[in-house]
Every structure is written in structure tokens, then in C-alpha cells.
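Take a look at the letters that make up each chain.
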Amino acid sequence: MELIQNTADLSAYLAADDVIDHHHPVVRETAGRLAAEASDSYDYARAAYEFVRDAIPHSQDSGDLRVTWRASDVLALGTGICHAKSHALAALLRAEDIPTALCYQRLTHDGGGHVLHGLVAVRFNGAWHRQDARGNKPGVDARFSLAGERLAWIPDPAAGELDHPVLYAAPHPLVLAALRAAPDRPYLWKTLPDSL
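Residues numbered from 1 in each chain as written. Predicted model: local features only at pLDDT ≥ 70, side-chain atom pairs only at ≥ 80, totals over all residues. Heavy atoms only, no water.

Novice: Outline the layout of surface pockets, supporting the account with residue identities and numerical values.
Specialist: Here the largest pocket defines a volume of roughly 430 Å³. If you go around the largest pocket, you meet 19 residues; those closest to its centre are T108, H109, D110, V115 and W153. Secondary structure elements with two or more residues in the lining of the largest pocket: α3 (59-62), β2 (100-108) and β3 (114-124). Residues of the lining of the largest pocket, tallied by class, amount to nine nonpolar, five polar and five charged. (1 Å grid on protein atoms, 1.4 Å probe; cavity = no way out; pocket = protein on both sides within 12 Å on 5 of 7 lines; lining within 4 Å. Points joined across faces, edges and corners; volume = space filled by probe spheres on them. Helix = DSSP H or I, 4+ residues; strand = E, 2+ residues; numbered from the N terminus. Nonpolar A, V, L, I, M, F, W, Y, C, P; charged D, E, K, R; others polar.)

Put into C-alpha cells, the structure is as follows:
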């Protein structure tokens, strides 16, 4: 699949906003701690990915009902669904000048129907590479990789699943609106969009 930037301006994939708030002290402190132990930008990107994947539980897996959406809140509270964790990873990567995009998959929802799943793409060596920091569990073994995707899920077109090829510099408005409006995770599951 060819990944398509929604803007030609690469600097947009380094920008901070109220969601990917990489200027926030919590993000800066976490990035600084991870960078201090990294030998280069690739090593840092892998460490940031593994930190978000492993140290911040997916709220569905942990049973946490809170809904986070701002990167600094995900890091401070230590919880989030795939979209929130993607925002946190994007902020950590952008904090160290690694261009990072948000991207989406349409997957079958456990309760029936479909739901949008959030992940990121990082730019290294002139190409975009998708990464899924959702968090591993039985049946899910996502890994950081620039040599072939190691995502949590591969969409099944026969089940109506698909990869969205667009790389967004900011969270998709439909996803962000659902996250911001949700008082808890059960409500969010009812309101997350199933397509873009």
C-alpha cells in the first residue's frame, strides 16, 4: 500500500498542537529520559515506541474507564486507547524531530460492526513506516520495524476491513471529536467512527 501525506509540507508532521503537545513538560521530561539512553534517532524511536506500547496500558486491556486524548495526559495518567497512545507516541517522536503521522485502519469491532484503529507512521531514510503501539496481548505481537510492518492487525478485506492510506499531520476530526466528547470508555465505544 502506498502511504499518502495529506499535506506536502513535511514540517506539519513535526508540529505541536493541543493534542500532540510535545512542548508540554511531561512530554519533554519523558522524551529527555528516553533520549539520554538512546544512541541515535532510530534507537530513540524504537525506545519511545516500546515505552508507549509497554508502559502505558491500553485502557480496554486494563479495564480503565477513563478516556484520554491529549499526549501529555496519556503520559501523565498512564492510560489510553489506540488513538490516545498514538497521540502520545507522535508527541514523543516529534519532540526529538522525527516526522510522525497519524494513520488509521478500519477493523472489525469485538462487539460487532467496525471501528477505526489508530496507529502512527514514522519517516526514516526518506520513507514512511507504520507502527502500532496499541499494546501487545495474547494474539497481538506488534513490533517497531523499518524493515516490513509488524502491526497488531492485518485488515481482512472480506470482513470489510481496510488500511486507510492517508497520513494525517493532526488527528482526524471525527476521531478527535469522539474522544473529546466521551465521558468514559463504554460511551466512546458507541461513538467512535467506523470509517473516515
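Novice: An account of the sheet that holds strand β4 (residues 127-131) is requested, with residue identities and associated values reported.
Specialist: Strand order in the open sheet formed by four strands is β4-β3-β2-β5, and the pairing between neighbours is antiparallel. At either margin of the open sheet sits one strand with a lone partner, and together these are β4 and β5 (162-163). In this sheet, β3 lies alongside β2 in antiparallel orientation, the contact comprising nine bridges. Looking at β3, one finds that L102 is bridged to V120. Contacts between helix α5 (residues 82-95) and the sheet are confined to β2 and β3, with β3 contributing the most and set at about 10° to the helix. (Pairing = 2+ DSSP bridges. Contact = heavy atoms within 4.5 Å. Axes fitted to C-alpha atoms, helices over the stretch in contact; angles between N-to-C directions.)

Novice: Account for the packing of helix α1 (residues 25-36) against α5, naming residues and giving values.
Specialist: Direction vectors running N to C along α1 and α5 enclose 65°, while the axes themselves pass 9 Å from each other. The two elements α1 and α5 cross, and the hand of that crossing is right-handed. Touching V27, R28, T30, A31 and L34 of α1 are A91, L92 and A95, all from α5. Of the residues contributing to the contact of α1 with α5, the split by class is six nonpolar, one polar and one charged. (Left-handed = near helix turned anticlockwise from the far one by under 90°.)

Novice: Give me the lowdown on helix α6 (residues 173-181), citing residues and values where you can.
Specialist: Buried residues of α6: V175, L176, A178 and L179, and no others. An end-on view of α6 places all buried positions within 160° of arc, on one side of the element. Relative to its buried face, α6 has exposed residues pointing more than 90 degrees away, namely P173 and A181. Among the structural elements, α5, β2, β3 and α7 (185-191) are those in contact with the buried residues of α6. (Buried < 20%, exposed > 50% of the residue type's maximum accessible area, 1.4 Å probe, protein only. Arc of directions from axis to C-beta.)

Novice: An account of the environment of H164 is requested, with residue identities and associated values reported.
Specialist: Checked against the element boundaries, H164 lands in the loop between β5 and β6 (166-167). When the C-alpha positions of H164 and R106 are compared, they lie 7.5 Å apart, and in sequence the two are 58 residues distant. In this structure, H164 is in contact with M1, Y104, Q105, R106, L116 and L196, ignoring residues within four places of it in sequence.

Novice: Summarise the nonpolar core; cite the residues concerned and give the values.
Specialist: Counting residues in each nonpolar core, the largest one holds 45 residues, and the members touching the most others are Y44, A48, L89, L92, L93, I98 and L188. Every element with two or more residues in this core is listed here: α1, α2 (41-55), α4 (71-77), α5, β2, β3 and α6. With eight residues, the single largest contributor to this core is α5. With near-sequence residues (within four places) excluded, Y44 lies in contact with A31, L34, A35, A38, L92, L93, E96 and I98. The next biggest cluster of nonpolar side chains, apart from the first, holds 11 residues, and it includes L3, C103, A121 and L167. (Core = buried A, V, L, I, M, F, W, Y, C linked by side-chain atoms within 4.5 Å.)

Novice: Could you give an account of the pattern of salt bridges, with specific residues and numbers?
Specialist: Counting across every chain of the model gives 13 salt bridges. Here R130 and D163 are joined by a salt bridge, their closest N and O atoms 2.9 Å apart. Of this pair, R130 sits in strand β4 while D163 sits in strand β5, placing them 33 residues apart in sequence. Exposure remark for R130: the relative accessible area of 3% places this residue in the buried category. With its nearest N and O atoms 3.6 Å apart, the salt bridge here joins R150 to D141. For D141, a relative accessible area of 39% translates into the label partly exposed. (Salt bridge = Lys/Arg side-chain N within 4 Å of Asp/Glu carboxyl O.)

Novice: Break down the side chain of S59 for me, citing the residues and quoting the values.
Specialist: Locating S59 in the fold gives a position in helix α3. Apart from the residues lying within four places of it in its own chain, the contact partners of S59 are D64, R66, T79, G80, I81 and R185.

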